[in-house]
Amino acid sequence: MDSAGSLMMKKAARIVVASLLFVGTGALVAGCQTDPDIDITKLGVETDPPEVLYNQGLANLKAGNINEAGRKFDAIDREHPFTDWSRKALVMSTFVKYRQTQYDEAVTAGTRYMNQFPHSADAAYVQYLIGLSYSKQIVDVTQDQRAAAKTIEAMLKVVNDYPKSEYVDDAQAKIRFARDQLAGKEMQIGRYYLERKEYLAAISRFRVVVEQFPNTNQVEEALARLVEAYYAMGIVQEAQTAAAVLGHNYPDSQWYADSFKLLQSGGVAPRENSGSWIARAGKRILLGT
């Protein structure tokens with residue numbers, strides 16, 4: 001289990017234990033332990049009080065009956081809105097939908113919770129679940145990267161709004177991964193244009209990577225591709241600057257060796273023009289921002 005799964009499960013377990021202790025519905029727990037004929041999956045949904053439904057949901061969750069647990073929590077939200085039980089059930093409903101890989105539904109439930117209870121004790125956890133739900137929908141860079149952008153947006157809220165929460169470290173890791181995906185998408189499109197000698201279009205994509213995603217795994221290649229594109233257009237000074245920035249940051253890189261060789265074939269060498277946008281962007285690479 002990865003760190004995200006471990007954090008998520010620990011939090012859910014704490015909620016389950018705390019809720020059982022808080023509610024203290026001994027009749028339900030004792031009944032489940034002493035009467036083997038009771039099937040918790042057959043208990044009523046809409047007619048029971050919210051505290052009973054909630055404990056039925058927890059019991060089903062502990063028993064591994066996740067679908068039935070979801071029905072119980074959803075019933076509380078539906079039949080007893082604007083109550084403290086509804087708030088607690090909405091947390092668990094978001095968790096259950098995530099576990100069921102119903103990611104869009106988890107986002108919807110979590111967003112409702114955050115709109116209503118942004119300052120509650122469970123708000124950081126729910127916001128984290130929203131981010132995880134988007135993260136699980138990130139696809140290969142050849143496809144649309146909307147989920148990556150949404151992951152960044154959701155996880156930045158965890159980092160910025162709940163900086164002392166236990167989810168910050170993993171949220172930052174998810175942000176880094178999503179940013180690398182977005183940069184990878186730009187690189188894919190840039191390479192497409194470069195292969196077709198549409199140099200200006202290619203440069204615009206590589207520039208996005210260098211300026212907007214300087215601390216991703218894609219920036220090294222992006223600088224080398226800028227050398228290639230600018231040199232092909234005859235804009236040698238910009239090609240030299242891109243190579244110089246590449247050399248400053250990745251001196252042992254094969255991308256730098258290839259760029260150096262390309263310039264050398266034309267009788268020039270890497271040389272930084274401080275007035276170039278590439279030089280300015282290069283400072284951010286050095287700072288890792």
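Here's a quick rundown of the structure. (Residues numbered from 1 in each chain as written. Predicted model: local features only at pLDDT ≥ 70, side-chain atom pairs only at ≥ 80, totals over all residues. Heavy atoms only, no water.)

**Considering the packing of aromatic side chains**
In plain terms, the rule: Working definition: rings of Phe, Tyr and Trp (its six-membered ring) pair if their centres are within 6.5 Å, and the pair is stacked with planes under 30 degrees apart, edge-to-face with planes over 60 apart, and tilted otherwise. Working definition: helices are DSSP H or I runs of at least four residues, strands are E runs of at least two. Numbering for both runs from the N terminus. Accessible area is worked out with a 1.4 Å probe on protein chains only. A residue is then buried under 20% of its type maximum, exposed over 50%, and partly exposed in between.
Inspection of the entire model under this criterion finds eight aromatic pairs. Centroid distance Tyr128 to Tyr167: 4.8 Å. Interplanar angle 25°. Geometry classified as stacked. Remark: Tyr167 occurs in the loop between helix 8 (146–161) and helix 9 (168–195) and Tyr128 occurs in helix 7 (residues 123–135); sequence separation between them is 39 residues. With relative accessibility at 0%, the residue Tyr128 sits in the buried group. Of the aromatic side chains, those joined through ring pairs into one cluster are Tyr54, Phe73 and Trp85.

**Describing the pattern of salt bridges**
Selection criterion: Counted as salt bridges are all cases of a side-chain nitrogen of Lys or Arg within 4 Å of a carboxyl oxygen of Asp or Glu.
As enumerated under the stated definition, the model contains 16 salt bridges in all. With a closest N to O distance of 2.9 Å, Arg87 and Asp84 form a salt bridge. Within this pair, Arg87 and its partner Asp84 are both found in helix 5 (residues 84–99), separated by three residues, close to a single helical turn. We classify Arg87 as buried; its relative accessible area is 18%. With its nearest N and O atoms 3.2 Å apart, the salt bridge here joins Glu228 to Arg225. Taken as a pair, Glu228 and Arg225 lie in helix 11 (residues 219–233) at a separation of three residues, close to a single helical turn. Where salt bridges share partners, they join Arg191, Glu221, Arg225 and Glu228 into one cluster.

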